[in-house]
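Architecture at a glance
Next come the chains, spelled out residue by residue.
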Amino acid sequence: MMLEIRDVRKKFDGMTVLDGISMDVEKGDVAAILGPSGSGKTTFLRCLNFLERADSGTLVFDGEKVDLHTAGKAQIARVRKKTAFVFQNYNLFLNKTVLRNVTLGLTSGAGMEKKQAEAIAVRALEKVGMADRLDAYPSQLSGGQQQRVAIARALATGPEIIYFDEPTSALDPELIGEVLAVMRQLAEEGMTMLVVTHEMDFARNVSSKVLFMEGGQVIESGPSREFFDNPREERSREFIRAVLRERTGD
């Protein structure tokens, strides 16, 4: 098992946001984290990468057990070295070019020589179809292009797993497909991914497993096709019906 997550809990101002979330992730899994707004999906993902500090819970990553509440700087650094995070709103540096946005984490963060970092960055940008915009600034790009640059930045660090936090939620509908196409390609190449998403077609057809959350709890989890074709829980069935109604406009 690549990643074992156990009993993650988190409160904000006394309100329970995560109430004992557990899941397993194997190498090559694409795990879709689904649920209505406010169910704790993003907080869960952020706790796994220490962007939020969980109140309790453990993570076993490549055999190393990490306490999500008490982990120190060195242990957090080891976890983050194996992971990358793609945000909803790209989080690019507006005053830096596409190339510099991707190389910055390699040169400043990892101390890599500039020429080597640029070679790695160009390969990552080629993979997401953005190698022709190396000298462009984020303001000169569409939202879909900016998100593809953000994915290239994640890939450039050579992560074992990438966390995606609703990577298409800030995009206009016509731009969503280009980002999902890149993610589908990564899935086909065996990249391990945890994806908080509202894109049900992606969850059904690309992800290998689903974690369905509501109210900070896991309502149901299992293989993606099984979840969509034969959900066990009534709340899961309601969620899928609501998604279908929204899609058809009924």
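Everything here concerns the structure above.
As a starting point, this report considers the structure included with it. (Residues numbered from 1 in each chain as written. Predicted model: local features only at pLDDT ≥ 70, side-chain atom pairs only at ≥ 80, totals over all residues. Heavy atoms only, no water.)

1. Here's the deal with the side chain of Arg148
- With respect to the helices and strands, Arg148 occurs in helix α5 (residues 143-156).
- With a relative accessible area of 12%, Arg148 lands in the buried category.
- Beyond its immediate sequence surroundings of up to four residues, Arg148 is in contact with Val128, Gly129, Met130, Glu178, Val179 and Val182. (Helix = DSSP H or I, 4+ residues; strand = E, 2+ residues; numbered from the N terminus. Buried < 20%, exposed > 50% of the residue type's maximum accessible area, 1.4 Å probe, protein only. Contact = heavy atoms within 4.5 Å.)

2. A look at the sheet that holds strand β2 (residues 15-25)
- An order of β2-β1-β4-β5 is seen for the 4 strands of this open sheet, with the pairing classed as antiparallel. Looking along the sheet, the strands with just one partner apiece sit at the ends: β2 and β5 (64-67). Mean inter-strand twist for the sheet, computed between neighbouring axes without regard to direction, equals 20°.
- As judged from the 4 bridges shared by strand β4 (residues 56-61) and β5, these two strands associate in the antiparallel manner. Residue pairing for β5: Thr58 is matched across the bridge by Asp67.
- Together, β4 and β5 form the strand contacts of helix α2 (residues 73-81), whose direction differs from that of β5 by roughly 120°. (Pairing = 2+ DSSP bridges. Axes fitted to C-alpha atoms, helices over the stretch in contact; angles between N-to-C directions.)

3. Considering the side chain of Thr83
- When you line up the elements, Thr83 lands in strand β6 (residues 83-86).
- Setting aside chain neighbours within four positions, we find Thr83 in contact with Asn49, Phe61, Thr157, Pro159, Ile161 and Tyr163.

4. Comments concerning the pattern of salt bridges
- The tally for this structure, following the rule as stated, stands at 16 salt bridges.
- For Glu234, the salt bridge goes to Arg241, with nearest N and O atoms at 2.9 Å.
- The class of Arg241 is partly exposed, set by a relative accessible area of 38%.
- In this structure, the salt-bridge partner of Arg235 is Glu238, at a minimum N-O distance of 3.8 Å. (Salt bridge = Lys/Arg side-chain N within 4 Å of Asp/Glu carboxyl O.)

5. Notes on the environment of Arg6
- By the element assignment, Arg6 lies in strand β1 (residues 3-12).
- A residue is classified by how much of its surface remains accessible, and Arg6, at 34% relative accessible area, is partly exposed.
- A sequence separation of 50 residues divides Arg6 from Ser56, and the C-alpha atoms of the two residues are 9.2 Å apart.
- In this view, Arg6 contacts Ile21, Ser22, Met23, Asp24, Gly57 and Thr58; residues no more than four positions away in its chain are not counted.
- Within the local environment of Arg6, its side chain forms a polar contact with the side chain of Asp24, the two groups lying 2.8 Å apart. (Polar contact = N/O pair within 3.5 Å; in protein donor to acceptor, adjacent residues only side chain to side chain.)

6. Quick notes on the sheet that holds strand β9 (residues 209-214)
- Across the sheet, 6 strands lie side by side as β6-β7-β8-β3-β9-β10; this open sheet has mixed pairing. The sheet is open, and its two edges are formed by β6 and β10 (217-223), each paired on a single side. Each adjacent strand pair in this sheet contributes to an overall mean axis angle of 15°, direction not counted.
- Against the sheet, α5 makes contact with β6 and β7 (161-165), and its axis sits at roughly 170° relative to β6, the strand it touches most.

7. Let's talk about unusual backbone geometry
- A positive phi is found at Asp13, a non-glycine position, where the angle reads about 50°.
- In this fold, Asp13 is placed in the loop between β1 and β2.
- Residue Asp13 is classed as exposed on the basis of its relative accessible area, which comes to 85%.
- Backbone geometry at Glu166 places phi at a positive 45°, although glycine is not the residue there.
- According to the relative accessible area criterion, Glu166 is buried, its value standing at 14%.

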